[in-house]
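Examining the three-dimensional arrangement
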Amino acid sequence: SAITLEKVRNFFAVLHDIGNVRGIMVTRIGYQEGVKHFASFYGIDLKLLREPTEDDWKGKIKDVKINLIIKSAVSTETKPITVEMVIRPSSKEQEARLKQAQNVGGLKIAAGPELQFLDKAGVPTTEEMCWWLPKQLKVLEKSPGGPYEQVIELQGKYANLPVNGKNELIEVIRLKVKYYVEEMRSEIAIHGNDIVQAILKDLSSGKIEHVQRK
């Protein structure tokens, strides 16, 4: 039943005995006549807790629907990401070694997913290739399928590459990448009634608070 004036007076007596405290009463039913005036005079806040209604959502966003379109570069055995590295020798001597190695088949580069680009001093400047390369590919503007080709210009990037069985720090100036794109779709729906459990209304100010579910 609705809160009576007698109960509010008893509550005020408790507050008065404690001292230096503010009282708040909350009910799901309501308050009888005279309670609001008494509570306002003695500084007691009256709250009404109830189920939310459609009117509580006026001027607010109740439901949100998010359509996700996720695009990524494919990396499978049938549709691998392939990378052609364009290198630049740093000296005539290195150029001669590279040509010699190429002539005898000693310039075989296995640029695996763990490859990192380095600076001129040999210090890593990028993540491993498996993490760095996908961020450089312009997959968002592509339709699903492929293959697509993209040229990535580099500056100040080096790699430790095997030349005749011995690693050498060689500048990489360009990557030519061939890749495929796949697309996944998903939907996320957020409903206000699933988030808001109740409405808490202040009878004095009329202010409404949305009580969230935990």
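Residues numbered from 1 in each chain as written. Predicted model: local features only at pLDDT ≥ 70, side-chain atom pairs only at ≥ 80, totals over all residues. Heavy atoms only, no water.

1. Concerning the overall build of the protein chain
Within the protein chain, the secondary structure is distributed over five helices and nine strands. For a compact globule of 214 residues, the expected C-alpha radius of gyration is about 17 Å, and the protein chain comes in at 35 Å, more than 25% above that figure. Each principal axis of the C-alpha atoms in the protein chain carries an extent, and together these give about 105 × 40 × 25 Å. Classification of the 214 residues of the protein chain by burial places 27% in the buried group. Here the analysis covers contacts within the protein chain between residues at least 6 apart in sequence; of these, 62% occur between residues at least 24 apart. Summed over its atoms, the accessible surface of the protein chain is roughly 14,800 Å², and 50% of this surface lies on carbon and sulfur atoms. Once the 32 positive and 28 negative side-chain charges of the protein chain are each reduced to a mean point, those two points are 2 Å apart. (Helix = DSSP H or I, 4+ residues; strand = E, 2+ residues; numbered from the N terminus. Rg over C-alpha atoms; globule rule 2.2 N^0.38 Å. Buried < 20%, exposed > 50% of the residue type's maximum accessible area, 1.4 Å probe, protein only. Contact = heavy atoms within 4.5 Å. Areas by Shrake-Rupley, 256 points an atom, 1.4 Å probe, with all protein chains shown as cover. Lys, Arg positive; Asp, Glu negative; His and termini not counted. Charge placed at Lys NZ, Arg CZ, Asp CG, Glu CD.)

2. Regarding the layout of surface pockets
Approximately 200 Å³ is the volume found for the second largest pocket. Taken together, 11 residues line the second largest pocket, and the ones lying closest to its centre are S75, I81, M129, C130 and L133. Looking at the lining of the second largest pocket, the elements that each hand over two or more residues are β4 (82–88) and α4 (129–136). Looking at which element gives the most residues to the lining of the second largest pocket, the answer is α4, with four residues. Classifying every residue of the lining of the second largest pocket gives nine nonpolar, two polar and no charged. (1 Å grid on protein atoms, 1.4 Å probe; cavity = no way out; pocket = protein on both sides within 12 Å on 5 of 7 lines; lining within 4 Å. Points joined across faces, edges and corners; volume = space filled by probe spheres on them. Nonpolar A, V, L, I, M, F, W, Y, C, P; charged D, E, K, R; others polar.)

3. Regarding the side chain of D45
With respect to the helices and strands, D45 occurs in strand β2 (residues 45–50). Ignoring anything within four residues of it in the chain, the contact list for D45 reads R22, G23, I24, M25 and D202.

4. A short note on the packing of aromatic side chains
For the structure shown, the criterion picks out six aromatic pairs. Relative to Y42, the ring of F41 lies with its centre 4.9 Å away and its plane at 80°, an arrangement referred to as edge-to-face. Classification of F41 by relative accessible area gives exposed; the value is 62%. In textbook terms, an aromatic cluster arises when at least three aromatic residues are bridged by ring pairs, as seen for F12, F38, F41 and Y42. (Phe/Tyr/Trp six-rings, centres within 6.5 Å; stacked < 30°, edge-to-face > 60°.)

So far we have only geometry, and geometry alone does not tell us how the molecule works.
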